[in-house]
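Given next are the chains, with one letter for each unit.
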Amino acid sequence: EAKREGQRFKRFHPTMDKQLLERLVLEHDLHKALSRDEFLVVYQPQIDVHTGQIISVEALIRWNHPVRGWISPLHFIPLAEENGLIVPIGEWMLRTACRQLKEWHNQGFTSLGVSVNLSMRQFFQQDLVDMIDRILKESKLSSPYLELEITESMTMNVNHTIDMLHKLKKLGVKIAVDDFGTGYSSLLYLKEFPIDRLKIDRSFIRDVTTNKHDAAIISMIVSIANHLEMEVIAEGVEHVDQLDFLWEQQCRQVQGYLFSPPILPEQLPLHFHEIQKR
Ligand code: C2E
Ligand code: CA
Ligand code: CA
Ligand code: CA
């Protein structure tokens, strides 16, 4: 009983109150962020190291809060997931990314693709497939240029995953597994899911030159991808040493600060030339 009292007291501790209040304020502001046009999309290049070309970009959301300035998606996406706002925000992301990609195609970057992160809620959204179909038609974008990034934790409901992924594949969009290696992963289901690309989580890349376990895991993921005929990309590549290791492992695709941070859309044509010069 005393313990329970203690816990109850803890919940209403002044600092907790402040945190809760902050959360409520942020959530309140999040409701208005879309209509007030406070979101922005930045794009991070994904490079094929053999050709030195930007093959695609990952669309990443940014929130420019009127008072607090830039807020990381790591802070507001979980909140939006909880209160369901991720559904309209996610739709806005998909539409914005597809329109932007179409614009790049029109500018002559015709082979470029775009990856958009899906959240758990969206993956279980009733009209997700129809919505994506609509957005593709609306933006006149050919479906294979759009890739959806899901995480392993979304695939735990195997029947739903198989059903959803097959519907998405029927549309023609590509599927990537993000942060691969950090979540629930069953090799048994991996071969059942129609997955186009594995994204090796950056936690494995970070110490790869000094940690032989990380090196072994990366080597294994690349091998799985090759055997299952999936593409594989390493994220969070910051140093040349890491790139050298990935090259040796024949991991052709990389994304990370070594090549480029996420950039504003108008910067991309410039980066195209710069990265190709390397
Ligand atoms: P993520 O999908 O794993 O995205 C990669 C994150 O790593 C991005 O952080 C990116 O800026 C960062 N990054 C890229 N290269 C490097 C590098 O070389 N070193 C390091 N240290 N970091 C690097 P960001 O943009 O802050 O996004 C964080 C997370 O928020 C994303 O992780 C994703 O889970 C989520 N997120 C971002 N945008 C969206 C969105 O539109 N929808 C959903 N559902 N989630 C999103
Ligand atoms: Ca991602
Ligand atoms: Ca990732
Ligand atoms: Ca991540």
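Conventions and cut-offs
Residues numbered from 1 in each chain as written. Chains lettered and ligands numbered in written order. Predicted model: local features only at pLDDT ≥ 70, side-chain atom pairs only at ≥ 80, totals over all residues. Heavy atoms only, no water. 1 Å grid on protein atoms, 1.4 Å probe; cavity = no way out; pocket = protein on both sides within 12 Å on 5 of 7 lines; lining within 4 Å. Points joined across faces, edges and corners; volume = space filled by probe spheres on them. Helix = DSSP H or I, 4+ residues; strand = E, 2+ residues; numbered from the N terminus. Nonpolar A, V, L, I, M, F, W, Y, C, P; charged D, E, K, R; others polar. Donors = N, O, S within 2.8 Å, 3.2 Å for Na, K, Ca; no water. Buried < 20%, exposed > 50% of the residue type's maximum accessible area, 1.4 Å probe, protein only. Pairing = 2+ DSSP bridges. Axes fitted to C-alpha atoms, helices over the stretch in contact; angles between N-to-C directions. Parallel < 35°, antiparallel > 145°, perpendicular 65-115°, else oblique. Left-handed = near helix turned anticlockwise from the far one by under 90°. Contact = heavy atoms within 4.5 Å.

Going by an unreviewed UniProt entry, the protein chain carries the name EAL domain-containing protein and comes from Brevibacillus nitrificans.

Draft legend 1. Empty space enclosed by the protein, seen in detail. One pass over the full model with this rule turns up 1 cavity of 30 Å³ or more. In this structure, the largest cavity occupies an estimated 110 Å³ of space. As for the largest cavity, its lining consists of Glu 152, Thr 155, Val 177, Phe 180, Tyr 184, Ser 185, Ser 186, Leu 187, Tyr 189, Leu 190, Phe 193 and Ile 195. When residues of the lining of the largest cavity are traced back to their parent elements, those giving at least two are strand E6 (174–180) and helix H8 (187–190). Sorting elements by how many residues they give to the lining of the largest cavity places H8 first, with 3 residues. Looking at the lining of the largest cavity, its residues break down into 8 nonpolar, 3 polar and 1 charged.

Draft legend 2. Layout of the coordination of the calcium ion (ligand 3). Within the protein, the atoms that donate to the calcium ion (ligand 3) are Asp 178 (OD), Asp 179 (OD), Glu 235 (OE) and Glu 235 (OE), at distances of 2.3 to 2.4 Å. Taken in chain order, the donor set of the calcium ion (ligand 3) reads D-D-x55-E. A separation of 3.8 Å is found between the calcium ion (ligand 3) and the calcium ion (ligand 2), both of which receive a donor from Asp 178. Of the two residues, Asp 178 is situated in strand E6 and Glu 235 in strand E8 (residues 231–235); the sequence distance between them amounts to 57 residues. Grouping residues by exposure puts Asp 178 and Glu 235 together as buried.

Draft legend 3. Structural view of the pairing of strand E1 (residues 39–48). Within E1, 9 of the 10 residues are buried, which leaves the element mostly enclosed by the surrounding structure. As paired elements, E1 and strand E2 (residues 53–65) share 10 bridges and run antiparallel to each other. Bridge pairing in E2 links Gln 44 to Glu 58. Hairpin connection, E1 to E2: the antiparallel pair is bridged by 4 residues, and Gly 52 has positive phi, about 75 degrees. Bridge count for E1 against strand E9 (residues 253–255) is 2 bridges, and the pairing is antiparallel. The residue of E9 that forms the bridge with Asp 48 is Gln 253.

Draft legend 4. Structural view of the packing of helix H6 (residues 128–138) against helix H7 (residues 158–171). Two numbers describe how H6 lies on H7: the axes approach to 10 Å, and their chain directions differ by 15 degrees. Comparing the axis directions of H6 and H7 gives the class roughly parallel. As H6 packs across H7, the resulting crossing turns out to be right-handed. Where H6 abuts H7, its residues Leu 128, Val 129, Ile 132 and Asp 133 lie against Met 164, Lys 167, Leu 168 and Leu 171.

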